[in-house]
Amino acid sequence: MLLSIIILTGGRGDSVIKKEMIAMLLAGGQGSRLGVLTAKVAKPAVTFGGKYRIIDFPLSNCINSGVDTVGVLTQYQPLRLNTHIGIGIPWDLDRNEGGVTVLPPYEKVGKAEWYSGTANAIYQNLAYMESFHPDYVLILSGDHIYKMDYQVMLDFHKSHNADVSLAVMPVPAQDASRFGIVVTDGQGKVREFQEKPEHPKSNLASMGIYIFSWPVLRDALIALADQEGCDFGKHVIPYCFNNGKKICAYEFSGYWKDVGTLGSYWEANMELIDIVPEFNLYEEFWKIYTKNDIIPPQYISEDAKIYRCLIGDGTEVYGDVSNSVIGSGVMIGKGARIHDSIVMSGSRIEDGAVLDKAIVAENSVIGKNAVVGCGEEAPNREKPDIYRYGLAVVGDDTVIPEGVRIGRNTAACGNTVPEDYPDGQLASGEILDKVGASG
Amino acid sequence: MRAVGMILAGGNSYRMKELSNKRAIAAMPIAGSFRSIDFALSSMTNSGIRKVAVLTQYNSRSLNEHLSSSKWWDFGRKQGGLFVFPPTVTADNSFWYRGTADALYQNLDFLKNCHEPYVVIASGDGVYKLDFGKVLEYHIAKKADITVVCKQLPPGEDVSRFGVLKMNENCRIEQFEEKPMATDANTISCGIYVVRRRQLIELIEKSAEEGRFDFVRDILIRYKGVKKIYGYKIDSYWSNIASVESYYRTNMDFLKKEVRDYFFREYPEVHSKVDDLPPAKYNPGSEVKNSLISAGSIINGAVENSIIFKNVFVGENCVIKNSIVESDVYLGDNVHLENCIVESRDTIRANTYYNGDDGIKIVIESDERYVL
């Protein structure tokens, strides 16, 4: 006992950092189903709801739940994520002890490896977790929109004497085969798992949120150290299950949205415009925090027409905008018409341009009188699974030249020039990729 | 930057009428998402000043809240920082700040302990952007004792609430009148001064000995023949907000594209405390024209030529014209406002009508919200 105390105190005098629960936030995934939206940024850094980024939701949930130690695991395109997180000031996660720490993969003696799977990423950061002497570790992913009090889930975990708790929620029966499905005994204890089953036995889907008792997680990760692409859903949870650990399902009933596809991403944004949206950002008691780069108010001009919109700070509107979500610092020129669309921060929609069911990512320019989203739908020739839903998607830092017409189920990214558009158009179902990044 | 900043933010003015019942002038909300003092603080931090003291006295609660963290202006540093100094009782002083010079005198220890050779003194009621580095260069080049930042107002403008000055061809100030009833000059002092720190300490100590407490009257005017006091003319936007009319006009100036571009889009930017508010929301029924709308607001009615501050709810069929609605205001359905300034945290009941007619009406209604 004495020996362990000596080890614990190493280098810090008598005080030992002790956090009951720390969070590990998986933010390294590309999110390839978002197509060109994630060409330059990791999925958690994609903007959502005008001024937020997807990662703001789990980070805000953490601080609102009293979890003040968060390790963010990054790998794919981390620049924007790193600048966004910084030292955690927007979420009050700039702490003397704990706070937010960005954890990229690193080289070790004799080997250097990427994070090969979700659990492998956590395994490679055992030392980080150990330094906080946690009792519980919360595993989160950076691609869901929801508000959840993790403390309530922890209470559930404790009161059920669980080794592992997973958050689950009921999904419509026809969607159940897209998720990991959990079958419980009615008391919360998990009896069976089905990973994306053809014939689901229940409608409780795993939300990718786990609380582990620390020794259980540590032992499982060490036991599975050599597992290639070690993944929570595929390896760690089954391992714990097969070793007789008590796994419980915490049923969550609030709003939760996976924004992993362009369709669900667009839909979740549009839902925010409802008069009283199911997911309400205007509540005082569970604020969502984000890094505010732009402070000034937005300006709506004499000629502008605005109908059912969310508009971010510092945006100037001279055209017509309806049923749309507009980010911060956007410029919408005279005579421009934007309908059923998402325009992310820093983009410029020039005079007379038309957007219809379009998504325009950050810092892009839509030239004068260009039309994004027009004509009949046609399935995308190369990536019909990604570019569908009738959406026209424009990537980050993209230039769309004056007067061109872009069809539906399309993607465009990079500095495009008029020569890229035969007959001045990009037909429905085509991809125009000048940076080699359309996913 | 070899200067320390002092911001005189203790003042009140009867010209602000009811608006100053709630807060010091330096904390007046400006342009939707700023407060007046942000402009002085931002100019200082953008000029590379690392250490700033804000001297507060009158009704400083709101101002203190705004300054509760120095990180928004990048003053949260190990070297320098943002300090707020209200008057305190000490062994040899039991007075409030009896004037601007007295405020500096009561904080003389702070000035003495600084190592920066120069001091930039500014007030908290100006809306401007200024590179103090340039003013300091000018001050050094002129071998001035004090440099006064000044601006020429268009002829015919009322200057009676400013310090009015006349300079010779070398820009040395020869005449300086404080708030004259009638004058033929139209160059006014912006209330921004650069002075060598040792020089300032000496002048302030001497004035205090003589029982003189006002920086303008007892130092600038009294010493103008003895000390080399120079004027530094600015042509860029500058506006003082310390009267209801000028407060209203300054806010409305932000509806002009060139003013917005200057403050919001041109480098360097103006910093302010960040409130974590969602984007503004426009519901069916909203009809907004030529207006500024701030974060967190929900618009259901018509807004024209107006400034809507943060977290404002505009009910259905409202008509808001030529008005300023401060933060956290709830406007019930069918409210009609013209030429008004609605005080923050107000709750205006449905079907209320207010019109400032030719003047500007200050609307203060603190009905409890849950009653509605």
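Residues numbered from 1 in each chain as written. Chains lettered and ligands numbered in written order. Predicted model: local features only at pLDDT ≥ 70, side-chain atom pairs only at ≥ 80, totals over all residues. Heavy atoms only, no water.

(A) Representation of the overall build of chain A in the model. Along its length, chain A carries nine helices and 33 strands. Along the longest, intermediate and shortest principal axes, the C-alpha atoms of chain A span 75 × 50 × 50 Å. In chain A, which comprises 439 residues, the proportion classed as buried is 59%. Taking contacts inside chain A between residues at least 6 apart in sequence as the whole, the part at least 24 apart equals 58%. When the accessible surface of chain A is split by element, carbon and sulfur atoms take 50% of a total near 17600 Å². (Helix = DSSP H or I, 4+ residues; strand = E, 2+ residues; numbered from the N terminus. Buried < 20%, exposed > 50% of the residue type's maximum accessible area, 1.4 Å probe, protein only. Contact = heavy atoms within 4.5 Å. Areas by Shrake-Rupley, 256 points an atom, 1.4 Å probe, with all protein chains shown as cover.)

(B) Quick peek at the side chain of Ser341 of chain A. All names here are of chain A. Note that Ser341 resides in the loop between β21 (337-339) and β22 (342-343). A polar side-chain atom of Ser341 sits 3.0 Å from the main-chain amide nitrogen of Ala358. Setting aside anything within four residues of it in sequence, one finds Ser341 in contact with Trp266, Met270, Asn323, Ser324, Val325, Leu355, Asp356, Lys357 and Ala358. (Polar contact = N/O pair within 3.5 Å; in protein donor to acceptor, adjacent residues only side chain to side chain.)

(C) Just the pairing of strand β12 (residues 190-195) of chain A, in detail. Residues and elements named next belong to chain A. Where strand β11 (residues 180-184) lies against β12, five bridges are found, and the strand directions are antiparallel. The residue bridging Val182 from the neighbouring strand is Phe193, located in β12. Count of turn residues in the β11/β12 antiparallel hairpin: five residues, of which Gly186 carries a positive phi of about 90 degrees. (Pairing = 2+ DSSP bridges.)

(D) Quick look at the pairing of strand β14 (residues 247-251) of chain A. All names here are of chain A. β14 sits mainly inside the fold: four of its five residues count as buried. Bridge count for strand β10 (residues 164-170) against β14 is five bridges, and the pairing is parallel. When the sheet's bridge partners are listed, Val168 is paired in β14 with Glu251.

(E) Summary view of helix α1 (residues 37-46) of chain B. Residue and element names in this part refer to chain B. In terms of burial, α1 is a largely internal element, nine of the ten residues being buried. Ile37, Asp38, Phe39, Ala40, Leu41, Ser42, Ser43, Met44 and Thr45 are the residues of α1 that are buried. At the exit of α1 stands Gly48, carrying a positive phi of roughly 90 degrees.

(F) Up close: the packing of helix α7 (residues 214-223) of chain A against helix α8 (residues 232-242) of chain A. All names here are of chain A. Closest axis-to-axis distance for the α7/α8 pair is 10 Å, and the angle between their directions is 115 degrees. As judged from the angle between their axes, α7 and α8 are roughly perpendicular. As α7 runs across α8, the sense of the crossing is right-handed. Here α7 contributes Val216, Leu217, Ala220, Leu221 and Ala223 to the contact with α8, which in turn contributes Phe232, Val236, Tyr239 and Cys240. Split by residue class, the contact of α7 with α8 holds nine nonpolar, no polar and no charged. (Axes fitted to C-alpha atoms, helices over the stretch in contact; angles between N-to-C directions. Parallel < 35°, antiparallel > 145°, perpendicular 65-115°, else oblique. Left-handed = near helix turned anticlockwise from the far one by under 90°. Nonpolar A, V, L, I, M, F, W, Y, C, P; charged D, E, K, R; others polar.)

(G) Structural detail: the confidence of the model for chain A. Averaged over all residues, the pLDDT of chain A equals 92, while 96% of them reach at least 70. Taken together, the stretch residues 1-10 of chain A has pLDDT below 50 and engages in four contacts with residues farther than four places along the chain or on a different chain. (pLDDT = per-residue confidence, 0-100.)

(H) Expanded view of helix α5 (residues 132-141) of chain B. Residues and elements named next belong to chain B. All of the buried residues along α5 are Phe132, Gly133, Val135, Leu136, Tyr138 and His139. Structurally, α5 contributes buried residues whose contacts are with α1, β6 (118-123), β7 (126-128), β8 (146-152), β11 (187-196) and β12 (229-233). Following α5 by one or two positions, Lys143 adopts a phi angle in the positive range, close to 50 degrees.

(I) Main features of the packing of aromatic side chains. Residues and elements named next belong to chain B. Using the criterion set out here, one finds 28 aromatic pairs over all chains in the structure. Summarising the aromatic geometry, the rings of Phe39 and Phe263 are spaced 5.5 Å apart at their centres and angled 90 degrees between planes, so their arrangement reads as edge-to-face. Taken together, the residues span a long stretch of sequence, with Phe39 in helix α1 and Phe263 in helix α9 (residues 257-265) at a distance of 224 residues. Phe263 matches Phe39 in its accessibility class, with the two residues each being buried. Ring centres of Phe254 and Phe263 lie 5.3 Å apart, and the angle between their planes is 40 degrees; this geometry places the pair in the tilted category. In this pair, the class of Phe254 matches that of Phe263, namely buried. (Phe/Tyr/Trp six-rings, centres within 6.5 Å; stacked < 30°, edge-to-face > 60°.)

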